Amino acid sequence: MVFRACRESRAADLLIFAVPWILLAAALALAFTRNPFCMVGALPVSFLCHAVARRSVSRSARATLPVAGLALILTLLQLLNHRFDLTLAAKMLGIFWLTAAAFHLLRWQRVAEAIRPGAPFSKLALFLLFIRHFALILAGESWRVLHARERVIYKPYGKWAFRSLNSALVSLFLRAMIRAERFYAAQLLKGLAQ
Amino acid sequence: MKPVLTVTDLNFSFERGQPVLQQVSFQAMEGECLGIVGCNGAGKSTLLWCLLGLLKASGSVRLFGEKVGKESLARVGMVFQNPEDQLFMPTVLDDVALPLVNRGMQPLRARAIAMEKLRLLGLDKLAGRSAARLSIGERKRACIAACLAPSPELLILDEPTAELDGRSVRLLAGLLAQLDVTLVVSSHDLDFLRRIAPHVLVLCEGRIIADGPASEVLHDPALLRSANLE
């Protein structure tokens, strides 16, 4: 009985450990696929995975809004260039849902424990931790800049509202670049960036 | 004097985390400068975010006797700890003019008022520059100018002296003393608060452990030690 329970909990543990890696592998496959049916089929599944990881459909939908906005802008830019192709937008959304779900489900403590000299997945673990760290920095910066803008914008459709939103987003990209440079310099000093 | 800001039993904790604010209650009266002092991690910035409704906390916050909402927030200015968060327009002048233009003022008139505010803060010569090309002290002053432009009745400053040199701190203290608005200033710089805030409250691990005149609170070594401020 005890052995069976142990074996079951071990299987559950293994499953919980494996799911984020499967999602990341699916995201990678989605990035390289050219089959439109695969893409269309992957979208609802990946959204479902994200909603399960976030434990709420509305929270998942809210988190998707900025990415959906960017996907829409890119599609419109393609349209301006006399090219209508939804592949990029579909891939963006699908990959976002899958990777975000994987990042929510990953056991980061275990990832950190994998960083040991000579360990087989040491470099992959380090890379994932860097990505997580940078994603958190970007999320924090976006949150602060957009709230700072909200503090001075009283009329969402008033004068300079869109101009300020545009400037805020541009400043975010510039700051992300500066943060990335500093981050890279810090890793270089630690001997980790080579 | 009327209360401008009334906070009652404010509690806040991050998701699955330790409580950051516990049973925080205080008042800021019209025209006064209230200092919020606390060591790093005491919950000062979180408290300010909660006051503006940017973080959802339990308890009650009333601005000008009303619940926190669009109308009451329109009368409040906030200078963030990191000035880079607030300056994102192409030029400093545009940053200061933005709230005025957005409220319907003609851009030309808004820019003239913004220029006045920048002159008040000694930044008129830098008006055409991008914020990225200013020093941290100049950016901080530009943020204050941007907050003062729509003539707020309450100005909240989060760690205004962080990263400033001694001269800039003196200039800032002199400037804040001249302003005719209610001020709420959070800082761990005791000398700065002694200069500008007659009323202070001490925050320690999310709780208010002292609330009273700065002349008493900031000269009590035992209290300051217990709040990890000395």
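Residues numbered from 1 in each chain as written. Chains lettered and ligands numbered in written order. Predicted model: local features only at pLDDT ≥ 70, side-chain atom pairs only at ≥ 80, totals over all residues.

Chemist: Mind showing me how you'd approach the overall build of chain B here?
Modeler: Of the regular secondary structure elements, chain B holds 9 helices and 10 strands. Expected size for 230 residues packed as a compact globule is a radius of gyration near 17 Å; at 18 Å, chain B falls within 12% of this value. Principal axes of the C-alpha set define a box for chain B whose edges measure 50 × 40 × 35 Å. Across the 230 residues that make up chain B, the buried fraction comes to 45%. (Helix = DSSP H or I, 4+ residues; strand = E, 2+ residues; numbered from the N terminus. Rg over C-alpha atoms; globule rule 2.2 N^0.38 Å. Buried ≥ 20, exposed ≤ 12 C-beta atoms within 10 Å, placed from the backbone.)

Chemist: Sorry if this is basic, but what is going on with the packing of helix 3 (residues 92-102) of chain B against helix 4 (residues 107-120) of chain B here?
Modeler: Angle between the axes and distance between the axes: these two values describe a pair of packed helices. Residues and elements named next belong to chain B. Here helix 3 crosses helix 4 at 120 degrees, and the two axes come no closer than 8 Å. The angle between helix 3 and helix 4 places the two elements in the oblique class. Seen from above, helix 3 lies across helix 4 with right-handed handedness. Seen from helix 3, the contacting residues are Val92, Leu93, Val96, Ala97, Leu100 and Val101; seen from helix 4, they are Pro107, Ala110, Arg111, Ile113, Ala114, Met115, Lys117 and Leu118. Grouping the amino acids of the contact of helix 3 with helix 4 by side-chain chemistry returns 12 nonpolar, no polar and 2 charged. (Axes fitted to C-alpha atoms, helices over the stretch in contact; angles between N-to-C directions. Parallel < 35°, antiparallel > 145°, perpendicular 65-115°, else oblique. Left-handed = near helix turned anticlockwise from the far one by under 90°. Contact = placed C-beta atoms within 7 Å. Nonpolar A, V, L, I, M, F, W, Y, C, P; charged D, E, K, R; others polar.)

Chemist: Got a minute to help me understand the sheet that holds strand 10 (residues 207-213) of chain B in this structure?
Modeler: Note: strands within a sheet are paired through backbone hydrogen bonds, in either parallel or antiparallel orientation. Residues and elements named next belong to chain B. As summarised here, the arrangement of the 6 strands in space is 6-7-8-3-9-10, forming an open sheet in which the pairing is mixed. Both outer strands of the open sheet, strand 6 (76-79) and strand 10, are each paired with one neighbouring strand and no more. If you compare each strand with its neighbour and ignore which way they point, the axes differ by 15 degrees on average. Here 4 bridges tie strand 6 to strand 7 (residues 154-158), and the two strands are oriented parallel to one another. In the strand pairing of strand 7, valine 76 is matched with leucine 154. (Pairing = 2+ DSSP bridges.)

Chemist: Would you mind going over the interface of chain A and chain B with me for this structure?
Modeler: By a widely used convention, the size of an interface equals the accessible area lost when the partners come together. Each partner contributes residues to the interface: chain A has 18 residues there, and chain B has 17 residues. Of all elements in the fold, only helix 6 (122-152) and helix 7 (161-189) of chain A reach the threshold of two or more residues within the side of chain A that touches chain B. Its residues assigned to classes, the side of chain A that touches chain B comprises 8 nonpolar, 5 polar and 5 charged.

Chemist: What is the right way to read the sheet that holds strand 4 (residues 58-63) of chain B from this model?
Modeler: Residues and elements named next belong to chain B. The 4 strands lie next to each other as 2-1-4-5, forming an open sheet whose pairing is antiparallel. Both edges of this open sheet fall to strand 2 (19-29) and strand 5 (66-67), since each of them pairs with a single strand only. For strand 1 (residues 3-13) and strand 2, the ladder comprises 7 bridges, and the chain directions are antiparallel. Its bridge partner lying in strand 2, threonine 6 is registered against glutamine 27.

Chemist: Please clarify how helix 1 (residues 44-51) of chain B should be interpreted in this entry.
Modeler: Because an α-helix packs 3.6 residues into every turn, residues spaced three or four apart end up facing the same way. Residues and elements named next belong to chain B. Here helix 1 lies mainly inside the structure; 6 of its 8 residues are buried. Every buried residue of helix 1 is accounted for by Lys44, Thr46, Leu47, Leu48, Cys50 and Leu51. Directly beyond the C-terminal end of helix 1, a positive phi value near 75 degrees is found at glycine 53.

Chemist: It is not clear to me how the packing of helix 2 (residues 36-54) of chain A against helix 3 (residues 57-80) of chain A should be interpreted in this structure. Could you clarify?
Modeler: Residues and elements named next belong to chain A. Two elements in contact, helix 2 and helix 3, have axes whose closest approach is 8 Å; the angle formed by their N-to-C orientations is 115 degrees. Our pair here, helix 2 against helix 3, has a crossing hand that is right-handed. When helix 2 is examined against helix 3, the residues Phe47, His50, Ala51 and Arg54 are found in contact with a partner set consisting of Val57, Arg59, Ser60 and Ala63. Its residues placed into classes, the contact of helix 2 with helix 3 shows 4 nonpolar, 2 polar and 2 charged.

Chemist: Looking at this structure, how should I read the domain arrangement of chain B?
Modeler: Residues and elements named next belong to chain B. Domains assigned within chain B are domain 1 (1-75 + 153-230) and domain 2 (83-151). Between the C-alpha centres of domain 1 and domain 2 the distance comes to 25 Å. On the domain 2 side, the residues contacting the 7 residues of domain 1 number 5 residues. Of the residues contributing to the side of domain 1 that touches domain 2, the split by class is 4 nonpolar, 1 polar and 2 charged. (Domains from an automatic or database assignment.)

Chemist: Mind showing me how you'd approach the nonpolar core here?
Modeler: In a soluble, globular protein the nonpolar side chains are often hidden away together inside. Counting 78 residues, the largest nonpolar core has Val92 and Ala145 of chain B as the members making the most contacts within it. In this structure, valine 92 of chain B is in contact with Leu87, Leu118, Leu123, Leu126, Ala127, Arg129, Ala131 and Ala142 of chain B, ignoring residues within four places of it in sequence. Core analysis: the next-biggest nonpolar cluster, separate from the first, contains 18 residues, Leu93, Ile95, Phe96 and Ala102 of chain A among them. (Core = buried A, V, L, I, M, F, W, Y, C linked by C-beta atoms within 7 Å.)

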